[in-house]
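# Structure assessment
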Amino acid sequence: MADRPRPGGGAVTTREWPAWWAAVRDACGRLAPAWTLDASVAVNPYFGLRHLDFEAAGLTLARVAGSTLAMPRRYYREQIASGRITRGDIAEALRAHGLPSDKDYAASLLAHDGAPPVQRLPLVSHVLQRIDPGTPWAAFCVERISQFAAAYFDIGQASWPLPWRDEPLYDAWRGFAKLDASPRTVGLKRVAGLVEGLPRAPLASIAVVLKALAVPEAHIVDYCHAALLDISGWAARVQDTRQGCGADRGHADIEQLLAIRLAWEFILFRAVPGPRLESAWRTALSSLPPAPSMRMTPDAQADAVLQAAFELGYRRRIVADLAACVETPVHKAPQGRAPLQAVFCAHNRVEVFRRAMETVAPAVQTLGFSGFCGLAFARAPFDPFMDGPRYAWPPLPPSACAADRDELSDIAVDQAATAILRTMSLTDGFARLVLLIDHGAPFAHKPHGATPARAGVAPWAGETDARTAAAWLNDPALRARLARSGLTIPADTGFVAARYDSARDEVALFDATSWEATHAQDLRDARAILEEAGARAREERAQASVPPVAAGLEFAGHAAFIAAPRARTKGVVLDGRAFLHDYDWRRDEDFRVLRHIMTAPMMAAHWMNMRYYASMVDNKRFGGGNKALHNMVGGCVGVLEGGGGDLRNGLPIQSLFDGGHWVHEPMRLNVFVEAPRAGIDEVLARHEIVRDVVEHGWLFLFQMDSEASGLFLRARDGRWEQVS
């Protein structure tokens, strides 16, 4: 193998190359994937930083790109003024950070609005922007890359397809860049020659650029990370193809995109006339520390304390409410058969509707279940990132869908149906009528076909899969096979699919006509209960202090995920802020269902939580901007805000702010699981990704211990600390 150019000078030998390549690979690994709009799911933009403690990740983002994991200081002032954050919350947060908890020190946290990040890593385009503010150099680089990427990833929207779409991403860009006349409009000359002079191999091109810019080796990872965050929307889209989720896998990967972004650094450095840029760049590099610093500045420390206090304010209330339930023995099911069972897809807004339904008809049993979208089989969105097998769903052909379910083997369907019922904790005591209720909301003039209304659920899921489940469970042949394995569904039990409209608090039944002859009164009663429950739910929301005003806000406010029997939360007012998944560990002998819940629904809720979090604390980089300005890109690739700029993968401001109030609170997810501690620990031990998000503080995991009558928080060192 020939020696390669060495970043910073000299040459990279065959022996040294793997170490240098590891730095580039690590930088690329910090970016999370983002799916196209036709298969959009909740994406955690911090996924690539999960191996870092939450606050260390904040320091990394601040150092690399000036990003933040906290709201502006005035936000916390408002929360303190309203009583949302108490003096006790601040004192507890200060103690947790090893800081004085006296009143004077607490007051100093809010003395000013904070300072910009210290020594943010420079990019050539940003340095040039500072010395030549009359030309938007940084935006220009992003614009040229974005226009190329939109054409390259187009899925049929463009009238004139990009001629190089069948070539690898970097090769296609070289062809595009050599013909692009736009650089001339800002005075850049010789661009085609500079592009031609770069190596054809992306990694070699990266090495040439880093050598030309003399980026210190200690800062290569951060520099590459900063370059990718400058086009974070497209980087996330390309990261999807790297994970093998995109149709263009093999043609595009994030290393090629990094080569393109760094090539623009090189173009500016060489093409801008005069010595000012080179001098300013050398000065910027000389100001860098010998190595990236992980030391918290006083301002970063203050932000961390205020965010922790904010999260403690919510946690204090929900822990107190749930602790009271844990101390109360689980009530036995009422004698006799429930007249109706309603299984709702886990969704924070559903909590209000379920509570209303149980008030209207106390004999009705409601359940929470995260899994109708699991009927998309091998197309489950977060599979490529799970480090262990899927437990709840049997391996089925990737092409499987509701339309071709008849082609599946009886064994496969039986396994799926059994998994559905066990994951619902519904294996006996079936009512005459069982509603399988997914969720959705109608949208108009909205390019995000799957988000935020169906964030976490791809558009090929939804009521189609609830209908699939109902069709399977109504099949007499399947019931006979399940009965032979010990799972008996009464002959008079009818499963009916339905959809919960989270915008209007209404439930519509599907395919119910086949049961009209035998279950006419059951259906009439069910519709009446649902209608009255909807009215009560709407009334409760209307009286809320900050009522959601549009369907686009439907996931706003979520803060908790609870996996426990409904008896643990029944009657508790959770304000539509909790995802409820029914789970009875006593029916789960080998913790198979627990493993599914913690590796799939819990992680999906965490990803959604982080998507909302990132869109609030840094909407410019991780949010969606102004929805009124959105333009579709490439058919269903994504949206741009206006006519250009980076791809916008996050939530638009309209999904977070109603014009007068924030309708979501940025906080990490609180997860409560009622199960033996040994079972939870086993899942964490076997699944690195789940363990990472728990032990590095990306979510808070609580055990609801029915035997010890208490709540316990999983500490980062693996210990369990009693909190109630």
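Computed from a predicted structure; not experimentally measured. (Residues numbered from 1 in each chain as written. Predicted model: local features only at pLDDT ≥ 70, side-chain atom pairs only at ≥ 80, totals over all residues. Heavy atoms only, no water.)

### As for the overall build of the protein
Our working rule: Working definition: helices are DSSP H or I runs of at least four residues, strands are E runs of at least two. Numbering for both runs from the N terminus. Think of it in three bands: with a 1.4 Å probe and only protein chains considered, a residue is buried below 20% of the maximum accessible area for its type, exposed above 50%, and partly exposed in between. Note on contacts: a residue pair is in contact if any heavy atoms of the two residues lie within 4.5 Å. Method for areas: the Shrake-Rupley scheme with a 1.4 Å probe, in which residue coverage is limited to the protein chains shown.
A tally of regular secondary structure across the protein gives 25 helices and 16 strands. Counting every position in the protein, which comprises 724 residues, the buried fraction comes to 58%. Considering only contacts within the protein whose residues lie at least 6 apart along the sequence, 75% involve residues at least 24 apart. Summing over all exposed atoms, the protein offers an accessible surface of approximately 28500 Å²; the carbon and sulfur share of this is 53%.

### Focus on the packing of helix H11 (residues 220–229) against helix H13 (residues 254–271)
Each pair of packed helices can be summarised by the angle the axes make with each other and by the distance between the axes. Inclusion rule: To obtain each axis, a line is fitted to C-alpha atoms, and for helices this fit is confined to the stretch in contact; angles are then taken between N-to-C directions over 0 to 180 degrees. We call two directions roughly parallel when the angle between them is under 35 degrees, roughly antiparallel when it is over 145, roughly perpendicular when it lies between 65 and 115, and oblique otherwise. All amino acids are sorted into three groups, where Ala, Val, Leu, Ile, Met, Phe, Trp, Tyr, Cys and Pro are nonpolar, Asp, Glu, Lys and Arg are charged, and the leftover types, Gly among them, are polar.
At a minimum axis distance of 9 Å, the contact between H11 and H13 shows a crossing angle of 90°. By the angle between their axes, H11 is roughly perpendicular relative to H13. The residues of H13 that touch H11, namely those facing Tyr 223, Cys 224, Ala 227 and Leu 228, are Ile 254, Leu 258, Arg 261, Leu 262 and Glu 265. The class makeup of the residues in the contact of H11 with H13 is seven nonpolar, no polar and two charged.

### Topic: the packing of helix H10 (residues 202–213) against H13
What counts is decided by this rule: For a crossing to be left-handed, the near helix must be turned anticlockwise from the far one by less than a right angle; the clockwise case is right-handed.
Relative orientation of the contacting elements H10 and H13 amounts to 35°, with a least axis distance of 9 Å. Between H10 and H13 the crossing geometry is left-handed. Listed contacts from H13 to Pro 202, Leu 203, Ile 206, Val 209, Leu 210, Ala 212 and Leu 213 of H10 are Glu 255, Gln 256, Leu 258, Ala 259, Leu 262, Ala 263, Glu 265, Phe 266, Phe 269 and Arg 270. Split by residue class, the contact of H10 with H13 holds 13 nonpolar, one polar and three charged.

### Some thoughts on the nonpolar core
Most often, soluble globular proteins keep nonpolar side chains buried together rather than apart. We count it as follows: Take the buried residues of types Ala, Val, Leu, Ile, Met, Phe, Trp, Tyr and Cys, join any two whose side-chain atoms come within 4.5 Å, and each joined set is a nonpolar core.
If you look at the biggest cluster of nonpolar residues, it comprises 170 residues, and the most contacted ones within it are Tyr 46, Trp 173, Tyr 223, Phe 672 and Leu 701. Dropping the residues within four chain positions of it, Tyr 223 is found in contact with Leu 121, Pro 122, Leu 123, Val 124, Leu 210, Leu 213, Val 215, Leu 262, Glu 265 and Trp 281. Membership of the second largest hydrophobic core comes to 26 residues, among which are Ala 361, Leu 433, Leu 509 and Ala 537.

### Focus: the pattern of salt bridges
Condition: The salt bridge definition used is simple: a Lys or Arg side-chain nitrogen within 4 Å of an Asp or Glu carboxyl oxygen.
With the rule as written, the count across this model stands at 41 salt bridges. A salt bridge links Asp 89 to Arg 316, with the nearest nitrogen and oxygen atoms 2.9 Å apart. Here Asp 89 is found in helix H4 (residues 87–96), whereas its partner Arg 316 is found in helix H15 (residues 298–326), with 227 residues between them in sequence. We classify Arg 316 as partly exposed; its relative accessible area is 40%. Each of Asp 428, Arg 568, Asp 584, Arg 586, Arg 587 and Glu 674 takes part in a single network of salt bridges with overlapping partners.

### Some remarks on the sheet that holds strand S12 (residues 644–648)
Working definition: the strands of a sheet are paired by backbone hydrogen bonds and lie parallel or antiparallel to each other. Basically, it comes down to this: Two strands pair if DSSP finds at least two bridges between them.
Taken in spatial order, the three strands of this open sheet run S10-S11-S12, and their pairing is antiparallel. The strands lining the two open edges of the sheet, one partner per strand, are strand S10 (630–633) and S12. Neighbour to neighbour, the strand axes of the sheet diverge by 40° on average, direction disregarded. Where S10 and strand S11 (residues 638–641) come together, four bridges link them in antiparallel fashion.

### Looking at the pairing of strand S8 (residues 560–563)
Burial of the side chains of S8 extends over both faces: Ala 560 and Ile 562 are buried on one face and Phe 561 and Ala 563 on the other. Bridge count for S8 against strand S9 (residues 578–581) is four bridges, and the pairing is parallel. Each bridged residue has a counterpart across the sheet, and for Ile 562 the counterpart in S9 is Leu 580. Of the pairings in the sheet, the one linking S8 to strand S13 (residues 670–673) comprises four bridges and is parallel in character. Within S13, the residue paired with Ala 563 across the bridge is Val 673.

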